[in-house]
Amino acid sequence: MMAKVIIARKKSELDAGILHYRENNETISLVPTMGALHEGHLNLVKLAKQKSDRTIVSIYVNPAQFAPGEDFEAYPRSENDDISLLIEEKVDLIYIPDPKSMYNVHHATKIIVGGVAEGLETDHRPTFFEGVALIVTKLLNRVTPDYAIFGEKDYQQLATIRRLVDDLDIPVEIIGAKIARDNHGLALSSRNKYLDSHGLKIARQLNKIMISYASMMSKGANVDKATQTARAELLESGFSSVDYIEVRSPNSLTILEGGVLNSPARLLVAAHCQGVRLIDNYPIN
Ligand code: PAF
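Presented here is a report on the structure given in the accompanying data block. (Residues numbered from 1 in each chain as written. Predicted model: local features only at pLDDT ≥ 70, side-chain atom pairs only at ≥ 80, totals over all residues. Heavy atoms only, no water.)

1. A word on unusual backbone geometry
Then step 1. One non-glycine residue, D169, lies in positive phi territory at about 55°.
Then step 2. With respect to the helices and strands, the residue D169 is situated in the loop between α7 (155-167) and β6 (173-177).
Then step 3. Judged by relative accessible area, which is 65%, D169 ranks as exposed.
Then step 4. Non-glycine residue L253 carries a positive phi angle of around 55°.
Then step 5. In this structure, L253 sits in the loop between β7 (241-248) and β8 (265-273).
Then step 6. A relative accessible area of 3% places L253 in the buried class. (Helix = DSSP H or I, 4+ residues; strand = E, 2+ residues; numbered from the N terminus. Buried < 20%, exposed > 50% of the residue type's maximum accessible area, 1.4 Å probe, protein only.)

Shown next, in the form of structure tokens:
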């Protein structure tokens, strides 16, 4: 008989599920999501299932990580489809907290991560990582998983969460999952739904341009010149603006000063197309 997936909306329902798993000495993975699930999320779920006995997926569109004027209201929501996909993936528990239960009216705590969380995304979304750090800490505290899985597409987010967990002694192992891409190499994202066919054509140039410049820099091209030319090429390909295209060290995300690379690095990009902000990153080896 197929085990029934638990859908927990109340903290007490989540607690009951976790207690049951822990009584059986089972390990737990958490996959935090904001719903609108696609193949990329399902890859995280598959990785979680390999890692642990039980897999919990949370679905919560976290208002704290959206600045005023961003797409919180319009963010794609597809709860019924998400639940069906997760049932197919045979997850054990889906945690969909009631939004009112997440931040109580007296909430007054901020978590500010420095270092890896500075620059790049923060230059354009100054409160984004505060919101992410808060919700991830709350979810980790509520679920107390052994593993938590995050995608490498949000590379700076992953680095920020690793820093947060290490700095605050949160007892969980953070696992990064490779970027899931469509057949044209475009990194999968819930926001790709906003693009029409012309927008998709433009968006699919992003990874091609990144691969070509990552390869040039790995062969000795000057980093400043290469990123400047790559930026110009993105704009020529139809992107309306480029928030950043930068080369950083792969773990600490330290700025690498101009010149030629002599150790592995990461190329990170955020660019806009048809009002959609696309982010992506590539290793430079
Ligand atoms: O990457 C996301 O989907 C979100 O930032 C996360 C980690 C689920 C926190 O809301």
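Once you've had a look at it, read on.
2. Let's talk about helix α9 (residues 205-218)
Then step 1. With 14 residues, α9 extends 20 Å from end C-alpha to end C-alpha; this agrees with the ideal 20 Å at 1.5 Å per step.
Then step 2. Of all the residues in α9, the buried ones are L206, N207, I209, M210, Y213, A214 and M217. In an axial view of α9, the angular spread of the buried residues amounts to 160°, which keeps them on one side of the axis.
Then step 3. Check the buried side of α9 and you find it contacts α8 (197-203), α10 (223-236), β7, β8 and β9 (276-284).
Then step 4. Once α9 ends, the next one or two residues include G220, with phi positive near 110°. (Expected span 1.5 Å × (residues − 1). Arc of directions from axis to C-beta. Contact = heavy atoms within 4.5 Å.)

3. A look at the side chain of D71
Then step 1. Considering the arrangement of structural elements, one finds D71 in the loop between β3 (54-59) and α3 (79-88).
Then step 2. Among the polar contacts listed, one links the side chain of D71 to the side chain of Y194, at a separation of 3.3 Å.
Then step 3. Excluding its chain neighbours within four sequence positions, the residues that come into contact with D71 are F66, R191 and Y194. (Polar contact = N/O pair within 3.5 Å; in protein donor to acceptor, adjacent residues only side chain to side chain.)

4. Here's the deal with the packing of aromatic side chains
Then step 1. Applying the stated criterion to the full structure yields three aromatic pairs.
Then step 2. Of the aromatic side chains, those joined through ring pairs into one cluster are F66, F72 and Y75.
Then step 3. The residue whose ring lies beneath R77 is F72, and the NZ or CZ to ring-centre distance is 4.9 Å.
Then step 4. Sitting over the ring of F128, R125 keeps its end group 4.2 Å from the ring centre. (Phe/Tyr/Trp six-rings, centres within 6.5 Å; stacked < 30°, edge-to-face > 60°. Lys NZ or Arg CZ within 6 Å of the ring centre and 35° of its normal.)

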